[in-house]
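Inside the fold
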Amino acid sequence: MNNAILTEVVRLGFRFSRKRDIQALQSPSHAPAAIPTQAILLCLVESMLRNGLKIFRTSTKAALLRAIGLPDGARLPTAMALSILVACVITLTVAATIGAFVYTNYAQQRLLGLRLENREVRTVQLALLDIETGARGFALSSRPEYLQPYSVGLQTLEDSKATLDKLDRYVAETTGTAPGTQTFSALVTHFRSEIAKMIAAVQSGGIGGADQRINLDSTKATMDMLRQYIGQFLSTKTAQANRAEDSLAALQMLLLALQIVSGAAILTALFLAFRGLASQSRARALAMAEAVRSREQVEHLLAMADMLQSAMGYEDANAVLQATAGRLLPGFGGALYIFNNSRDRLDLSTTWSAEMAEASHPQVISPSQCWALKRGKPHINRGTYGALRCGHALEGQSVLEIPMLARGEVYGLLQVFSTDPDGADLETVKPLAIALADSMSLALSSIALRERLRNQALRDPLTGLYNRRFMEEVIESFALQAERRNSSISAIMIDLDHFKQLNDQHGHALGDTVLRDVAGAILASLRKSDIACRYGGEELIILLPDSDLVAARTKAEEIRKRIAELSPADGITVSASLGVASIPQTATSPGDLLAMADAALYKAKQEGRNRVESAPMRMALVKP
């Protein structure tokens, strides 16, 4: 490979290489034979690493800039750079902590194992000592109580076979014998055999002093060898445990130092980041607060609109208005006025205020006294001298009044109160109050329409009385309630006398007038709990809960007299025949009640009209 070829390879493969490296290769002093292959490989590897890191750094920076919406050539924001630094430090700290935890757990388990092995080996050592001591004491004194530690030691050795296997492996590793050689176990077996022979000889009495000394010396030599192996094992394991403890302590110190360094780095980065973001945060604080407040207001208005869709009546709508106004207009009181059915006045529907009692609000407002209703637009009644104020405005307060328009019709008036006489704060909340009034206006329109449709579905349009369908629905409920309370329910069936003749002679217009007048006379005679219905044509029916037959007949007679007093036109008289029935005096069910009342009405017709007749009493209720 000559210099030109090598230079071309480096230039094409790694175009970001340092110029001085290429110039060094192009120098005439470097002959092809003088350039070592190892130097060429090192140069290539160095260029590869340097360029790879540069490419990685460039691509990462470009990706971050694109992620935050900045062009590739832009400078990475200081906050972003500090955040990346903090993230890297935290990642390294977490990784190091996890690694240290895993290693610490492993080291602790290993240390625990070493200590357990030492304890087991010491148990074997104590068992051997018990065997030797007991045997020697028995050999010297021939007293049987010395055999108790001997027996305990033998039992301990029987239970420590696993520990003997560990000692066998250790001795094999230490002495270089073949694996599986049971050197230590063989010594233990030999030791036990010698001890057993010595004890047997003492028990038989056939051992002399010289033989006894020989046996004791032999067992001592075996015991010394066992002590040596055990001591070496304990020393080795103790050294390993000490090294493990030292390694664990060093790791903990290193981890503590790493956490201190990483904590200091994180605190420094956070300090710099906070200092850099402080000015930006202060600049954006007001805008963010305003945006959040606007969003919350919109959310409250949307939630209010959603809740108003579920409002079944004015009470539900008032509750939603109070809750929403308290959140959207804190510190301001208010009131809602709604037009009555005749639309000649506005009645107080609800108020909200922590400072003003509801009794201080006027209960009724005349439309002719309100400038907001006259102008058809919001009006502020300022408390300053010379300000244009409505006749119902309260003294010492500024009031923002907003007509509540929906579908081209005014449904009410929304008031917002302020203790500021100038009303400057009302100008600030005016757009929000108008949005609140618009949402409430749509709800009032829907409720009014729903009430109108409900009345049309349940009431007779000519007389204003309930229709037959409504009567059939409520009579069952009234009967069940009367049965549960053990009370009576009565029905009065009314039929206008000669009504068809009246229509034929004087026209249906006069007949309609008679029906309306009769309905008015009936309603004037009833309680709030009574129900008057148009049963069909000129037939009317009245349901009287908690009224027996006598009370119902008395009420029927009163109604008959009121009808007879009517005079819709000169020379025209009106009369009615009435039939009365009652549960349980004359009937047992709603169907029987209507049938018995109709039969009594038919009897009144037969008896000459313009009279009241009662249904006959049930036989079960007639006293003998």
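This text goes with the structure placed above it.
A few points on the structure.

Scoring rules and cut-offs
- Residues numbered from 1 in each chain as written.
- Predicted model: local features only at pLDDT ≥ 70, side-chain atom pairs only at ≥ 80, totals over all residues.
- Heavy atoms only, no water.
- Helix = DSSP H or I, 4+ residues; strand = E, 2+ residues; numbered from the N terminus.
- Contact = heavy atoms within 4.5 Å.
- Areas by Shrake-Rupley, 256 points an atom, 1.4 Å probe, with all protein chains shown as cover.
- Expected span 1.5 Å × (residues − 1).
- Buried < 20%, exposed > 50% of the residue type's maximum accessible area, 1.4 Å probe, protein only.
- Arc of directions from axis to C-beta.
- Pairing = 2+ DSSP bridges.
- Axes fitted to C-alpha atoms, helices over the stretch in contact; angles between N-to-C directions.
- Right-handed = clockwise from strand over helix to strand, strands pointing away.
- Parallel < 35°, antiparallel > 145°, perpendicular 65-115°, else oblique.
- Nonpolar A, V, L, I, M, F, W, Y, C, P; charged D, E, K, R; others polar.
- Phe/Tyr/Trp six-rings, centres within 6.5 Å; stacked < 30°, edge-to-face > 60°.
- Lys NZ or Arg CZ within 6 Å of the ring centre and 35° of its normal.
- Core = buried A, V, L, I, M, F, W, Y, C linked by side-chain atoms within 4.5 Å.

On to the overall build of the protein. Looking only at helices and strands, one finds 16 helices and 11 strands in the protein. Contacts spanning at least 24 positions in sequence make up 64% of the contacts within the protein whose residues lie at least 6 apart. Accessible surface computed for the protein: about 35,300 Å², of which carbon and sulfur atoms make up 58%.

A few words now on helix α16 (residues 590-606). Relative to the 24 Å expected for 17 residues at 1.5 Å per residue, α16 spans 25 Å between its end C-alpha atoms, a close match to the ideal helical length. For α16, the complete set of buried residues consists of Pro590, Leu593, Leu594, Ala597, Ala600, Leu601, Ala604 and Lys605. Taken end-on, α16 shows its buried residues confined to a sector of 150°, consistent with a single buried face. Exposed side chains of α16 directed beyond 90 degrees from the buried face belong to Tyr602 and Gln606. Where α16 is buried, its residues meet α12 (468-485), β7 (489-496), β8 (531-536), β9 (539-545), β10 (576-583) and β11 (612-614).

What follows concerns the sheet that holds β8. Strand order in the open sheet made by the five strands is β8-β9-β7-β10-β11, with mixed pairing throughout. Since the sheet does not close on itself, it has two edges, and those belong to β8 and β11, each with one partner. When strand polarity is set aside, the average angle formed by the axes of neighbouring strands in this sheet is 20°. Alignment of β8 against β9, held across five bridges, turns out to be antiparallel. Counted as the bridge partner of Ala532 is Ile542 from β9. Contacting β7, β8 and β9, helix α14 (residues 508-525) crosses the sheet at an angle of about 155° to β7.

It is worth spelling out the pairing of β10 at this point. With eight of eight residues buried, β10 lies mostly within the body of the structure. Side chains Ala576, Leu578, Val580 and Ser582 project from β10 onto one buried face, and the interleaved Ser577, Gly579, Ala581 and Ile583 project onto a second face that is buried too. When β10 meets β11, the two strands line up parallel, connected through three bridges. Bridge pairing in β11 links Gly579 to Glu613. The parallel pair β10 and β11 is bridged by α16, and the resulting crossover is left-handed.

On to the packing of helix α13 (residues 499-506) against α14. Packing of α13 against α14 leaves a shortest axis separation of 7 Å and a crossing angle of 140°. In terms of axis orientation, α13 runs oblique to α14. Contacts from Phe499, Leu502, Asn503 and His506 in α13 reach His508, Leu510, Gly511, Val514 and Leu515 in α14. Considering only residue class, the contact of α13 with α14 consists of five nonpolar, four polar and no charged.

Turning our attention to the packing of aromatic side chains. Applying the stated rule across the entire model yields three aromatic pairs. For the ring pair Tyr466 and Phe470, a centre distance of 4.1 Å and an interplane angle of 20° mean the geometry is stacked. Look at Phe470 and you get buried, because its relative accessible area is 12%. For the cation-ring pair, Arg468 lies above Tyr535, with the distance from its terminal atom to the ring centre recorded as 4.2 Å.

This brings us to the nonpolar core. With 33 residues, the main nonpolar core has Leu321, Leu329, Leu436 and Met440 as its most contacted residues. Within the residue set of this core, elements represented by two or more residues are α8 (209-309), α9 (314-328), β1 (333-339), β5 (398-406), β6 (409-418) and α11 (424-458). It is α11 that contributes the most residues to this core, 11 residues altogether. Among all residues touching Leu329, those that are not within four sequence positions of it are Val416, Val429, Leu432 and Leu436. Residues Val124, Ile131, Ala139 and Met198 belong to the second largest nonpolar core, which totals 30 residues.

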